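The lines below spell out each chain.
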Amino acid sequence: MTITGLSPQPTLSFSETSTSPYTYTANFTLTASNTYTDGAIGFSIEASDTVSSTKVTTPNKVTATQSVLTGPFNLDNTSPSITSAVQLVM
């Protein structure tokens, strides 16, 4: 998985979330340091299978889907502003 639009690049961690079919999840965390540039964030997913046996000569069919990434995704470092005030009296 490649992420574009972020510098520095976050560290990705991958975990297997299902074995039928094999499904993997990628996670990353952005720090709250406000050092990332505003703008679009892009994702691309690649997948492959490697044959590591002399008895199996054909790799498995591999598909990569981005169906859960239904962006667009943008980063906005605008500081929040208070637009109204409410008082709660008990």
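Above: the structure in question.
Re the packing of aromatic side chains
So, step 1. With the rule as written, the count across this model stands at two aromatic pairs.
So, step 2. Here the aromatic rings of F28 and F43 are separated by 6.3 Å at their centres, their planes lie at 40°, and the arrangement is tilted. With a gap of 15 residues between them, F28 in the loop between β3 (22-27) and β4 (39-44) and F43 in strand β4 connect regions that are remote in the sequence.
So, step 3. With a centroid separation of 5.3 Å and 85° between ring planes, the pair formed by F43 and F73 is classed as edge-to-face. Here F73 lies in strand β5 (residues 73-75) and F43 lies in strand β4, a separation of 30 residues in the sequence.
So, step 4. An aromatic cluster is present here, built from F28, F43 and F73 joined pairwise through their rings.

Comments concerning the sheet that holds β4
So, step 1. Strand order in the open sheet formed by three strands is β1-β4-β5, with antiparallel pairing between adjacent strands. Every other strand in the sheet has two partners, leaving β1 (2-4) and β5 as the edge strands with one partner each. Strand-to-strand, the axes of this sheet are offset by a mean angle of 30°, without reference to chain direction.
So, step 2. For β1 and β4, the ladder comprises three bridges, and the chain directions are antiparallel. Note on β4: the bridge partner recorded for I3 is F43.

Quick notes on unusual backbone geometry
So, step 1. The linkage connecting S7 with the following residue, P8, adopts the cis geometry, with an omega of 5°.
So, step 2. With respect to the secondary-structure elements, P8 resides in the loop between β1 and β2 (13-19).
So, step 3. Omega for the bond connecting S20 with P21 falls within 30 degrees of zero, at -5°, which places this linkage in the cis form.
So, step 4. Note that P21 resides in the loop between β2 and β3.

What to know about the pairing of β4
So, step 1. As defined by bridge partners, β4 adjoins β5 across three bridges and the pair is classed as antiparallel. From the neighbouring strand, A40 faces β5, where its bridge partner is N74.

Quick notes on the rules
Residues numbered from 1 in each chain as written. Predicted model: local features only at pLDDT ≥ 70, side-chain atom pairs only at ≥ 80, totals over all residues. Heavy atoms only, no water. Phe/Tyr/Trp six-rings, centres within 6.5 Å; stacked < 30°, edge-to-face > 60°. Helix = DSSP H or I, 4+ residues; strand = E, 2+ residues; numbered from the N terminus. Pairing = 2+ DSSP bridges. Axes fitted to C-alpha atoms, helices over the stretch in contact; angles between N-to-C directions.

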